[in-house]
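Reading the structure
What follows is the residue order along each chain.
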Amino acid sequence: MEGKIIQLQSAIEERESHIFSLQPYQRQFGTNEAKKGYMDLADGINDWVVNWTDRILDSDKLRRRSIETSVRDPRPVTRFSRCLETGRDLFRLTQLPDMDQEVLVAFILRYLLHWIFSTTLCDITPDIVKDLDILVKSMKQHITPNLDAYATMSWRSQAFLALLAVPKIKQLQNQVVHQLSEDLAKFLGFICQDGEKDVFISSIHKQVVDPAMRLHEQFLTSTRDFYLEIDPRILAGEMFTGELSDLKRLDCVDIAGNNRKFDIDKLNPQPNIEEVRKNLRILCSTRPALMVVEVGQQGKLKEPAIVCREVVQVVWNSEGRRNTLKVDQQPTWLHSIASSAKGVQH
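Source: prediction; values computed, not measured. (Residues numbered from 1 in each chain as written. Predicted model: local features only at pLDDT ≥ 70, side-chain atom pairs only at ≥ 80, totals over all residues. Heavy atoms only, no water.)

**Observations regarding the overall build of the protein**
- Per the secondary structure count, the protein includes 13 helices and 7 strands.
- Residues classed as buried in the protein amount to 44% of the 346 residues present.
- Considering only residue pairs separated by 6 or more positions, the protein has 79% of its internal contacts joining residues 24 or more positions apart.
- Carbon and sulfur atoms provide 50% of the accessible area of the protein, an area that totals close to 19,700 Å². (Helix = DSSP H or I, 4+ residues; strand = E, 2+ residues; numbered from the N terminus. Buried < 20%, exposed > 50% of the residue type's maximum accessible area, 1.4 Å probe, protein only. Contact = heavy atoms within 4.5 Å. Areas by Shrake-Rupley, 256 points an atom, 1.4 Å probe, with all protein chains shown as cover.)

Here is the structure:
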């Protein structure tokens, strides 16, 4: 009898082990954690920009020296200037007073969006990622019973978690972080003073690129699909042409209204869509939106939802506020820097 009891206990333990192994993969990284992580990254970049540029903006001597250095040798700022020229919107923003730091933060966020968040592990393992995509597709087509979206997303997340634990992958990641830090330092080299190069690169690594890579890892290993996005329908430099529902997907900052938040619902009287299209000009997107795709009922994917709204600089030219936005007659520091590159016509 005693032997039978031991045998039954062993069988129960095996079944418990099997049941626990079937529990769904869980990562304590939901929309709240993603929002906090993204806002921490954006705030950290803003702090970095303020720390390195306040002394220049507060000193006529340092500002003048920085501009004169760029005029004498514009090669270091050529890449930065060309990037601003690509979309024109950030360059236009440099013409406005008190927007230098805002432009730099936006530039860095776009750099990270392009080189980190629009990639999968910065493309250091393209073949492995391609194979994972093939496996996920095959799992959906050939496994019986059919796996729902959550099961395949969960499997993919676990695969990335295991991949990130491989020493060789970590080594390649660290190399990419160092490379991106040095590259970004070259873009922004006009900020640092003589003898500060090593400290400058190190600060970019610790406060900008490495935190972005860590957040990217958390996105990849989550059972939700998080991604950053700049809405292509919002055309910088043009009058707003969308619907009110589109406007409410944005965090608008009214430059002509002392950089206050522009909230259509708080205007009195509240304008209709025709009045909004007539008076609202989109200047520039300065922070991409954080989006998420989650699995809903019956294992089907939901429509993309906003976690953090895109931040957009706008001008509200309502009646009585015409010509409230004026370009400084004296060029701003960043506009002078960006215009110093040889061969760039502005």
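**Concerning the pairing of strand β2 (residues 250–254)**
- Summarising burial for β2: 4 of the 5 residues are buried, a large majority.
- The turn joining β2 and strand β3 (residues 260–262), which pair antiparallel and follow one another in sequence, is formed by 5 residues; a positive phi near 60° is taken by N258. (Pairing = 2+ DSSP bridges.)

**What about the side chain of T53?**
- Tracing the chain through its elements places T53 in helix α2 (residues 31–57).
- Given the relative accessible area of 0%, T53 is considered buried.
- Each residue touching T53, except ones within four places of it in the same chain, is listed here: Q101, L104, I191 and W333.

**A word on the environment of D73**
- With respect to the element layout, D73 can be found in the loop between α3 (60–72) and α4 (75–87).
- Separated by 267 residues in sequence, D73 and S340 have C-alpha atoms that sit 8.5 Å apart.
- A polar contact is formed between the side chain of D73 and the side chain of R75, at a distance of 2.9 Å. (Polar contact = N/O pair within 3.5 Å; in protein donor to acceptor, adjacent residues only side chain to side chain.)

**Side note on the environment of I191**
- Along the chain, I191 turns up in the loop between α9 (167–187) and α10 (197–220).
- Look at I191 and you get buried, because its relative accessible area is 1%.
- Residues I191 and I56, 135 residues apart in the sequence, show an inter-C-alpha distance of 8.1 Å.
- Beyond its immediate chain neighbours, meaning those up to four positions away, I191 contacts W48, W52, T53, R55, I56, L104, F200 and W333.

**Quick word on the sheet that holds strand β6 (residues 305–308)**
- One open sheet accounts for 3 strands, arranged β1-β5-β6; its pairing is antiparallel. Where the open sheet ends on each side, the last strands, each with one partner, are β1 (225–229) and β6. Taken over all neighbouring pairs, the strand axes of this sheet differ in orientation by 35° on average, direction set aside.
- Examined bridge by bridge, β1 and strand β5 (residues 289–293) share 5 bridges and lie antiparallel to one another. Bridging across to β5, L228 finds its partner in L290.
- Seen against the sheet, α2 touches β1, β5 and β6 and runs at an angle of roughly 45° to β6. (Axes fitted to C-alpha atoms, helices over the stretch in contact; angles between N-to-C directions.)

**Let's talk about the packing of aromatic side chains**
- Here the structure, examined in full by the defined rule, presents 14 aromatic pairs.
- Aromatic side chains F29 and F219 sit 6.2 Å apart centroid to centroid with 55° between the ring planes, which places their arrangement in the tilted category. Here F29 is found in the loop between α1 (2–21) and α2, whereas its partner F219 is found in helix α10, with 190 residues between them in sequence.
- Exposure remark for F219: the relative accessible area of 7% places this residue in the buried category. (Phe/Tyr/Trp six-rings, centres within 6.5 Å; stacked < 30°, edge-to-face > 60°.)

**A few points about helix α8 (residues 149–164)**
- Compared with the 22 Å implied by 1.5 Å per residue over 16 residues, the 23 Å span of α8 between its first and last C-alpha is a close match.
- When we look at burial in α8, the residues that qualify are A149, T152, M153, S154, S157, A159, F160, L163 and L164.
- On its buried side, α8 packs onto α7 (126–142), α9, α10, β1 and β5. (Expected span 1.5 Å × (residues − 1).)

**Here's the deal with the packing of helix α6 (residues 100–117) against α9**
- Contact geometry of α6 with α9 gives a least axis separation of 12 Å together with a crossing angle of 145°. As α6 runs across α9, the sense of the crossing is right-handed. Of α9, the residues touching α6 (which contributes F107, I108, Y111, W115 and I116) are L180, D183, L184 and F187.
- For the contact of α6 with α9, the per-class residue count stands at 8 nonpolar, no polar and 1 charged. (Left-handed = near helix turned anticlockwise from the far one by under 90°. Nonpolar A, V, L, I, M, F, W, Y, C, P; charged D, E, K, R; others polar.)

**A closer look at the sheet that holds strand β4 (residues 280–287)**
- An order of β3-β2-β7-β4 is seen for the 4 strands of this open sheet, with the pairing classed as mixed. Edge strands, defined here as strands with exactly one partner in the open sheet, are β3 and β4. Put simply, the sheet's adjacent strands are angled 40° from each other on average, direction ignored.
- As paired strands, β2 and strand β7 (residues 310–316) are joined by 5 bridges and run parallel to one another. When the bridges of β7 are listed, V253 appears paired with Q313.

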